[in-house]
Amino acid sequence: MADHGNMTNEPKPIHWTSNPEQAKPANEPMGGPSMFDETDDEYLDPGESTGAPDAMDAMIDQYLDRMTPEVNMGQLLSVPVVAVKSDGVLVDVGDKSEGFVNIREFPMVGDKPQVKPGDIIDVIVKGPDPETGLINLSHREARRRKAWIAAEESFKNHTPIKGIVTRTVKGGLIMDIGTTAFLPASQIDLQRVNDFESWLGKEVEGFVIEFAPEKRRIIVSRRQMLETQLESQRRETLQGLTQGQMIEARVKRVVEFGAFVELGAGLDGLIPRSEISWQRNARPEDYVKAGEAVSAKVIEIDQETGKVTLSRRLALENPWDTAREKYPLGTTVSGEVVSLTSYGAFVRLDEGLDGMIHISDMAWDAAGKKPSDYVAAGQQLTATILNVDTENRRISLGMKQLTADPWDEIEQRYPKGRQIKGAVTGLTKYGAFVELEPGIEGMIHVTDFSWDKKVRQPRDAVKKGEEVEAIVLEIDRERRRISLGIKQLGENPLDVFLAMHRVGDSVEGEVTGVTEFGAFVLLAPNIEGFIHVSQMDQERVESAKDVLKVGDKVEAKITKIDRDSGKISLSRKQLMKEQEKKTISAYMGKKKGGSLLSLGELLEDIQLEDVIPQAKAEPEQKPEPAPELKDEPEQPKPEQPAE
């Protein structure tokens, strides 16, 4: 250890040659008490009184003489640490001289002082220690003096100041910056910090945001310093961006209207929803996730507001530019069903490239079915390319085209007249559908259920799921229709009737229905004929109801037979004319007095009502003459023909 007993004869320490800074008066907050206060008598001999000025002056002179002339009390020095003891720290003050700093003057974290050999520390010269020969130094006072100066500088010029967190309090952290400073919880970081303990012992940096020497209060903000740094970096990053530039960014947050990405240095950019993908109505969450990297193109920069707009879509190739080359007609592709509509399903082939499978192309038997009968959202399926329309951005797909067309040999499998058996798969107001095989259905029209019963609704004859037998009536391959009939399993009553009757024959029947324009006549079981109002009589008839009624027995002539529809047209008028001609011809051969009769004489003897059949009821039910005969005198005169 250096001998401090005779410091006056030793060379002056080189690093003590700077102009000494005088100690602050005791009443100044940053200087602390003066080194030698008048009330401090620890340097007097025990037998001496404070009232002996000569003895006191002599003692002071004695100590001062032992100090190097350039080392003055209150001087601020920067010295290296030589050793750290349990009670203090030894420093080298130069020229083999050592100083001593009490260990309590160093910041403590737990029970360890924040100092080690080799550190350069600031000290204030307090004076020599007569017992040890060391120079008493104050690190706390030096730090305090420099700290207040630095704090004032930070407050005025917004420069950062450093300190070590020594303890925690309810509202934040206590820092040692050379003196005590407070770091509020809201000012620790850019986000709120709740775990104060993790900051103990850490060196932190910040701006002094409140400086009040009179209150001995210094408040520091690390957050404000970070925000300032980020703003500077943000401006630098913003100026480095150019429109059209391709960049890599990390997704920060995904929202309904787009995605925010980090561009660096606290600068964020927005990818709007419309720029997320080439896919129409794309949802951002389907294409980007928070934390993942994304390539994007800068499309707009606002230097004033700092807003940057980017496009992920433009960083990708437009899938429609190569759709024709990538998906030629007939290509088999795989994709995921992304949505269903009433008319089909949309299938995702690539990002921004959807194809649509129409319900008619889902299966060969898709008539009357729904898309949900064949596919479901999220399902992976295989289809074939039917059409690619890049102008309208549409791709048509087909599923049924991957299987053989069951209609290719339909005539061979179901020739006309073949009897089949199948289940009723559906009912409409005009007929019932029957499955012949998977993908092949035939239809029974409402008129082909029965010969003898008038079926108005298919549900009156069959039920869905019921198994029925039928006959193949007709096949329309182009329209993919098969006509079936149930009534054709039995003999057609019309064929039986027509085997015995032909056009021109006279037939009798019973009136089953009367309308304004005609009457229906039952000629045989399940065989009806129709007499139009114009064929009721030789005279003009305004309404069929004036001549006939249900239950009347009538005789008429067959004028027309339609085999396809089964309709038979009748005429009483023609029968009347024919009967009239026969009667006249019969009387024309008679003579009166050996000579032929004139027409007038002949007509006087003819009673036409006796030879022309009239509508009449059954004798036992209606003994009175038919109404038509009673009304006969009121018929129009012969010179006014009905037609």
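Residue positions are given per chain, counting from 1 as you read along its sequence in written order. In keeping with the model being predicted, local features are shown solely for residues with a pLDDT of at least 70 and side-chain atom pairs are shown and tallied solely at 80 or more, while totals for entire chains, interfaces and linings include all residues. Only heavy atoms go into the side-chain values, all of them from the structure, while hydrogens and water stay out.

Visitor: I'd love a proper account of the overall build of the protein chain, names of residues and values included.
Guide: Here a helix means four or more residues in a row that DSSP labels H or I, a strand means two or more in a row labelled E, and each is numbered from the N terminus. A count of helices and strands for the protein chain gives 9 helices and 34 strands. Relative accessibility thresholds used throughout: buried, under 20% of the residue-type maximum; exposed, over 50%; partly exposed, between the two (1.4 Å probe, protein chains only). A burial count over the protein chain gives 38% of its 643 residues as buried. Contacts are assigned to residue pairs with any non-hydrogen atoms lying within 4.5 Å of each other. Counted over contacts in the protein chain with a minimum sequence separation of 6, partners at least 24 positions apart contribute 60%. A total accessible area of about 36,900 Å² is found for the protein chain, and carbon and sulfur atoms account for 48% of it. Per-residue accessibility takes into account occlusion by the displayed protein chains alone, with areas from the Shrake-Rupley method and a 1.4 Å probe.

Visitor: Give a description of the side chain of aspartate 176 that names residues and reports values.
Guide: Tracing the chain through its elements places aspartate 176 in strand 9 (residues 172-176). Two N or O atoms form a polar contact when they lie within 3.5 Å of each other; inside protein one atom must be a possible hydrogen donor and the other a possible acceptor, and for residues adjacent in sequence the pair counts only when both atoms belong to side chains. Engagement of the side chain of aspartate 176 in a polar contact is seen with the side chain of arginine 143, the distance being 2.6 Å. A polar side-chain atom of aspartate 176 sits 2.8 Å from the main-chain amide nitrogen of glycine 178. When neighbours within four sequence positions are excluded, aspartate 176 is seen to be in contact with Pro107, Arg143, Gly163, Ile164 and Thr166.

Visitor: I'd love a proper account of the side chain of aspartate 405, names of residues and values included.
Guide: With respect to the helices, strands and loops of the structure, aspartate 405 is situated in the loop between strand 22 (394-398) and helix 5 (410-413). Residue classification places aspartate 405 among the buried positions, given a relative accessible area of 15%. Here arginine 480 takes part through its side chain, which lies 2.5 Å from a polar atom of the side chain of aspartate 405. Contact partners of aspartate 405, with chain neighbours within four places excluded, come to Trp364 and Arg480.

Visitor: How would you explain the layout of surface pockets if you had to name every residue and give the values?
Guide: Using protein atoms alone on a 1 Å grid, points that fit a 1.4 Å probe yet trap it form a cavity, whereas open point sets bounded by protein on both sides within 12 Å along at least five of seven lines form a pocket; residues with an atom within 4 Å of a point count as lining. Grid points are joined across faces, edges and corners, and a volume is the space filled by probe spheres set on the points. The calculated volume of the largest pocket comes to roughly 1,300 Å³. Considering the residues around the largest pocket, the lining is formed by 36 residues, among which Trp451, Lys487, Ser565, Gly566 and Lys567 are closest to the centre. Every element with two or more residues in the lining of the largest pocket is listed here: helix 6 (493-500), strand 28 (506-515), strand 29 (518-524), strand 30 (527-532), strand 31 (553-562) and strand 32 (567-571). With 4 residues, strand 30 is the single largest residue contributor to the lining of the largest pocket. Only Asp, Glu, Lys and Arg are considered charged in this grouping, and only Ala, Val, Leu, Ile, Met, Phe, Trp, Tyr, Cys and Pro are considered nonpolar; every other residue, Gly among them, is considered polar. Partitioning the lining of the largest pocket into residue classes produces 12 nonpolar, 11 polar and 13 charged.

Visitor: Give me the lowdown on the pairing of strand 15 (residues 267-272), citing residues and values where you can.
Guide: Pairing between strand 14 (residues 258-264) and strand 15: 6 bridges, direction antiparallel. Across the sheet, glutamate 262 pairs through a bridge with aspartate 268, a residue of strand 15. When DSSP finds two or more bridges between a pair of strands, those strands are recorded as paired. Hairpin geometry of strand 14 and strand 15 is characterised by an intervening segment of 2 residues between the two adjacent antiparallel strands and by a positive phi of about 55 degrees at alanine 265.

Visitor: I'd like a rundown of helix 6, residues and numbers included.
Guide: Buried residues of helix 6: Pro493, Leu494, Phe497 and Leu498, and no others. All buried residues of helix 6 fall inside an arc of 125 degrees around its axis, so they share one side. Facing away from the buried side of helix 6 by more than 90 degrees, the exposed set consists of Ala499 and Met500. Elements in contact with the buried residues of helix 6: strand 28, strand 29, strand 30, strand 31 and strand 32. This arc corresponds to the set of directions leading from the helix axis out to the C-beta atoms.

Visitor: Help me get a handle on the pattern of salt bridges, residues and values and all.
Guide: Any two side chains of opposite charge can pair, given that their charged atoms come close. The rule for a salt bridge is simple: a side-chain nitrogen of Lys or Arg has to be within 4 Å of a carboxyl oxygen of Asp or Glu. The full count for this structure, using the stated rule, is 28 salt bridges. Across the pair arginine 283 and aspartate 286 runs a salt bridge, and its minimum N-O distance is 3.0 Å. Aspartate 286 sits in the partly exposed class, given a relative accessible area of 43%. The partner of lysine 553 in a salt bridge is glutamate 510, and the shortest N-O contact between them spans 3.4 Å. Highlighted residues: lysine 553 in strand 31 and glutamate 510 in strand 28, separated in sequence by 43 residues. The exposure class assigned to lysine 553 is partly exposed, which follows from its relative accessible area of 30%. The network of salt bridges with common partners includes Glu231, Arg234 and Arg235.

Visitor: How would you explain the sheet that holds strand 26 (residues 467-476) if you had to name every residue and give the values?
Guide: The strand order around the closed barrel built from 5 strands is 23-24-25-27-26, with neighbouring strands paired in mixed fashion. The sheet shows a mean angle of 55 degrees between the axes of neighbouring strands, direction not considered. Helix axes are fitted to C-alpha atoms over the stretch in contact, other axes to C-alpha atoms as well, and angles between N-to-C directions run from 0 to 180 degrees.

Visitor: Could you give an account of the sheet that holds strand 3 (residues 97-102), naming the residues involved and the relevant values?
Guide: Note on sheets: strands pair through backbone hydrogen bonds, and any given pair is parallel or antiparallel. In spatial order, the strands read 1-2-3-7-6; together these 5 strands close into a barrel with mixed pairing. Direction aside, neighbouring strands of the sheet carry axes that sit 50 degrees apart on average. As defined by bridge partners, strand 1 (residues 76-84) adjoins strand 2 (residues 88-94) across 3 bridges and the pair is classed as antiparallel. Counted as the bridge partner of valine 81 is valine 91 from strand 2.

Visitor: Run through the packing of aromatic side chains, naming residues and quoting values.
Guide: Any two rings among Phe, Tyr and Trp, with Trp reduced to its six-membered ring, count as a pair given centres within 6.5 Å; such a pair is stacked if its planes are under 30 degrees apart, edge-to-face if over 60, and tilted if neither. Across all of its chains, the model carries 5 aromatic pairs by this definition. When the centroid spacing of 6.1 Å and the interplanar angle of 90 degrees are considered together, the rings of phenylalanine 257 and phenylalanine 260 count as edge-to-face. Ring-pair connections join several aromatic residues into one group, and the members of that group are Trp148, Phe155 and Phe211. Sitting above the plane of the tryptophan 199 ring, lysine 202 keeps its charged end 5.1 Å from the centroid. Either the NZ atom of lysine or the CZ atom of arginine qualifies as a charge over a ring when it sits within 6 Å of the ring centre and within 35 degrees of the ring normal. In this structure, arginine 313 packs its charged tip against the face of tryptophan 278, placed 4.5 Å from the ring centre.

Visitor: Can you explain the environment of lysine 421? Please cite residues and give values.
Guide: Looking at the secondary structure, you find lysine 421 in strand 23 (residues 419-427). Note: C-alpha distance between lysine 421 and alanine 470 (49 residues apart in sequence) is 6.5 Å. Once residues lying within four places of it in the same chain are set aside, the contact partners of lysine 421 are Glu435, Glu467, Val468 and Glu469.

Visitor: Outline the environment of arginine 223, listing residues and values.
Guide: Relative to the elements of secondary structure, arginine 223 occurs in helix 3 (residues 222-239). Aside from chain neighbours lying at most four places away, what touches arginine 223 is Ser186, Gln187, Ile188, Asp189 and Leu190.

Visitor: Explain the confidence of the model for the protein chain residue by residue, including any values.
Guide: pLDDT is a per-residue confidence score from the predictor, ranging from 0 to 100. When the pLDDT values of the protein chain are averaged, the result is 80; 80% of them are 70 or greater. Low pLDDT, under 50, characterises residues 1-53; the stretch is placed with 90 contacts to residues that sit more than four places away or in other chains. Scored below 50 in pLDDT, residues 63-69 makes 16 contacts in the model with residues more than four places away or belonging to other chains.

Visitor: Describe the pairing of strand 11 (residues 203-212), with residues and values.
Guide: For strand 8 (residues 160-169) and strand 11, the ladder comprises 5 bridges, and the chain directions are antiparallel. Considered in strand 11, the bridge of isoleucine 164 is made with glutamate 203. Sheet topology note: the strand 11/strand 12 (residues 217-221) ladder contains 5 bridges and is antiparallel. Looking at the pairing, phenylalanine 211 lines up with isoleucine 218 of strand 12. Linking strand 11 to strand 12, which pair antiparallel, is a turn of 4 residues; within it arginine 216 sits at a positive phi near 50 degrees.

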